[in-house]
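Geometric and topological summary
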Amino acid sequence: MGRLFGKMIKIKKQRISAVIVTVFMCLPGAIWASNNPFDKGVDINIGSDREWVIKDKAMTRSGSEAGDFYHFSYDRKQIRLRITDSVNDDETSARQYQQFTVEDIQVDGQRLPLFQWCLVNQEGHSRSLQQGMKVKQDVCVNQGEQGTFTMRLNAATLEALNDGKTLSFMLKPFRLPVNVNIDISDFSTASARLAAELRPVQKPKAIAPEKKVAPVMEKVAVAKKCSARAPKGFNKIKSVEYVCADGAAKTKAEADINAQVEKVRAIEAKQTAEKELKRKQAEAEQAEKQKAEQARLAAEQAALAEIEASKLQVSAEITDKMLAVCMKQWQKGQHRCYCEKFLEHAPEGIESDASCGAE
């Protein structure tokens with residue numbers, strides 16, 4: 001009995017030890033999950049309040065969230081998104097991932113056709129752009145080990161960026177998604193500034209030393225501004241200013257004005273349609289009321305006619321009954337006052353009784 005009891009205690013101790021070992025083996029994963037910044041899907045919104053920084057032949061707009069910094073840049077050849085652990089946009093501070101995935105790239109909710117091309121031309125599969133998988137001609141390059149993604153541009157993609165409002169990168173640095181949304185409503189204006197800075201500056205011609213040149217006030221070159229205005233009848237829409245020499249900015253300004261005009265027209269058309277609908281409803285209600293009133297009058301007249309007909313029928317029935325009674329009296333040569341009103345039906349020899357009228 002003692003041996004059996006001891007054996008049972010030993011088995012229980014072994015089970016408790018196994019549970020403790022299992023718990024400790026699971027602890028690192030649980031601790032990592034609690035510290036994982038991407039344990040929940042997050043949206044990173046980098047708005048227009050973040051200035052474009054023009055440096056090293058590129059323009060960059062940056063934002064941060066929970067200790068991570070997101071740098072979107074454009075150098076007239078490609079776009080790049082780099083994730084770093086500091087405000088510095090360089091490789092030394094770049095985040096390093098093991099399974100960095102780019103699920104989608106959209107402008108105003110629409111997938112970029114060039115990104116779709118990269119998916120189709122990726123070796124392996126076409127569901128998403130994954131770290132370590134090569135894309136044909138390196139049009140898209142996923143360098144998750146350096147926290148960087150780049151995509152070379154074509155004319156259609158550049159046009160979409162110039163005309164768009166929001167550029168979205170849908171990423172999976174860890175298990176759950178991270179959506180990086182960048183305001184690009186002023187992309188064309190910033191790219192015009194970048195182009196102006198990259199334009200070579202002509203050096204002034206040297207003046208021969210023997211010639212004397214009168215001092216001249218230095219003129220400061222100021223970019224001429226133009227305005228896109230709404231047509232007549234849309235006075236509430238404010239004009240949009242742009243640099244006259246910037247064709248892309250002009251196109252964007254005119255597109256903004258046209259969009260506002262169309263919006264106003266749509267609102268006015270909706271209001272007009274609502275007024276017309278209310279007018280027709282009022283007319284229908286009035287017609288229904290008139291129809292109901294006519295039906296009521298017709299029913300009332302029919303009821304009165306029915307009452308009148310009923311009265312005539314009753315009167316005729318009374319007349320028939322009284323004539324039968326009176327005829328019996330008249331055949332006896334007698335006349336009664338209650339037969340006075342039926343005297344026209346009496347046989348000859350029956351005359352009116354003057355005393356009946358005095359009653």
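Residues numbered from 1 in each chain as written. Predicted model: local features only at pLDDT ≥ 70, side-chain atom pairs only at ≥ 80, totals over all residues. Heavy atoms only, no water.

Quick notes on the packing of aromatic side chains
Applying the stated criterion to the full structure yields seven aromatic pairs. When the centroid spacing of 6.1 Å and the interplanar angle of 80° are considered together, the rings of Trp52 and Phe187 count as edge-to-face. With Trp52 in the loop between strand S1 (42–46) and strand S2 (53–55) and Phe187 in helix H4 (residues 187–198), this pair connects stretches of sequence that are 135 residues apart. Site record: aromatic cluster; members linked through ring pairs are Trp52, Phe72, Tyr74, Phe149, Phe169 and Phe187. (Phe/Tyr/Trp six-rings, centres within 6.5 Å; stacked < 30°, edge-to-face > 60°. Helix = DSSP H or I, 4+ residues; strand = E, 2+ residues; numbered from the N terminus.)

A word on the sheet that holds strand S9 (residues 140–143)
Neighbouring strands of a sheet are bound in pairs by backbone hydrogen bonds; such pairs are parallel or else antiparallel. If you walk across this open sheet you meet the six strands as S2-S3-S4-S5-S10-S9, and the pairing is antiparallel. The strands lining the two open edges of the sheet, one partner per strand, are S2 and S9. Mean inter-strand twist for the sheet, computed between neighbouring axes without regard to direction, equals 20°. Both strand S4 (residues 68–74) and strand S5 (residues 78–84) contribute to a ladder of six bridges, which runs antiparallel. Across the sheet, the residue bridging to Phe69 is Thr84, located in S5. Packing of H4 onto the sheet brings it into contact with S2, strand S3 (58–65) and S4, and relative to S3 it is tilted by some 135°. (Pairing = 2+ DSSP bridges. Axes fitted to C-alpha atoms, helices over the stretch in contact; angles between N-to-C directions. Contact = heavy atoms within 4.5 Å.)

Some remarks on the environment of Glu340
Within the secondary structure layout, Glu340 lies in the segment after helix H5 (247–331). The spacing of Glu340 and Cys326 is 14 residues in sequence and 9.2 Å in space, taken between C-alpha atoms.

What about H4?
Its twelve residues place the ends of H4 16 Å apart at the C-alpha level, agreeing with the 16 Å of an ideal helix rising 1.5 Å per residue. Residues of H4 that are buried: Phe187, Ser188, Ala190, Ser191, Leu194 and Ala195. Taken end-on, H4 shows its buried residues confined to a sector of 160°, consistent with a single buried face. (Expected span 1.5 Å × (residues − 1). Buried < 20%, exposed > 50% of the residue type's maximum accessible area, 1.4 Å probe, protein only. Arc of directions from axis to C-beta.)

Remarks on the pattern of salt bridges
Charged atoms that come close allow side chains of opposite charge to pair. Taken as a whole and assessed by the stated rule, the structure comprises 14 salt bridges. The closest approach of N and O atoms between Asp186 and Arg61, which form a salt bridge, is 3.0 Å. Placement of the pair is Asp186 in the loop between strand S12 (178–183) and H4 and Arg61 in strand S3, with a sequence separation of 125 residues. Its relative accessible area of 1% is what places Arg61 among the buried residues. Residues Glu300 and Arg296 are paired through a salt bridge, measuring 3.1 Å at the closest nitrogen-oxygen approach. Of the two residues, Glu300 and Arg296 are both situated in helix H5; the distance of four residues between them amounts to about one turn of the helix. By relative accessible area, Glu300 is classed as partly exposed at 41%. Each of the salt bridges in this network shares a partner with another, and the network as a whole consists of Arg80, Arg82 and Asp89. (Salt bridge = Lys/Arg side-chain N within 4 Å of Asp/Glu carboxyl O.)

Focus on the pairing of S5
Most of S5 sits inside the fold, with six of its seven residues counted as buried. As consecutive antiparallel partners, S4 and S5 are separated by three residues, and within that stretch Arg76 has a phi angle of approximately 75°, a positive value. Bridging between S5 and strand S10 (residues 148–152) involves five bridges; their strand directions are antiparallel. What sits directly across from Ile79, in S10, is Met151.

Looking at the packing of helix H3 (residues 155–163) against H4
Between H3 and H4, whose axes approach to 7 Å, the crossing angle comes to 115°. Looking at the two axes, H3 sits roughly perpendicular to H4. Touching Leu158, Leu161 and Asn162 of H3 are Phe187, Ser188 and Ser191, all from H4. For the contact of H3 with H4, the residue count by class is three nonpolar, three polar and no charged. (Parallel < 35°, antiparallel > 145°, perpendicular 65-115°, else oblique. Nonpolar A, V, L, I, M, F, W, Y, C, P; charged D, E, K, R; others polar.)

These values are about where atoms sit, not about what they do.
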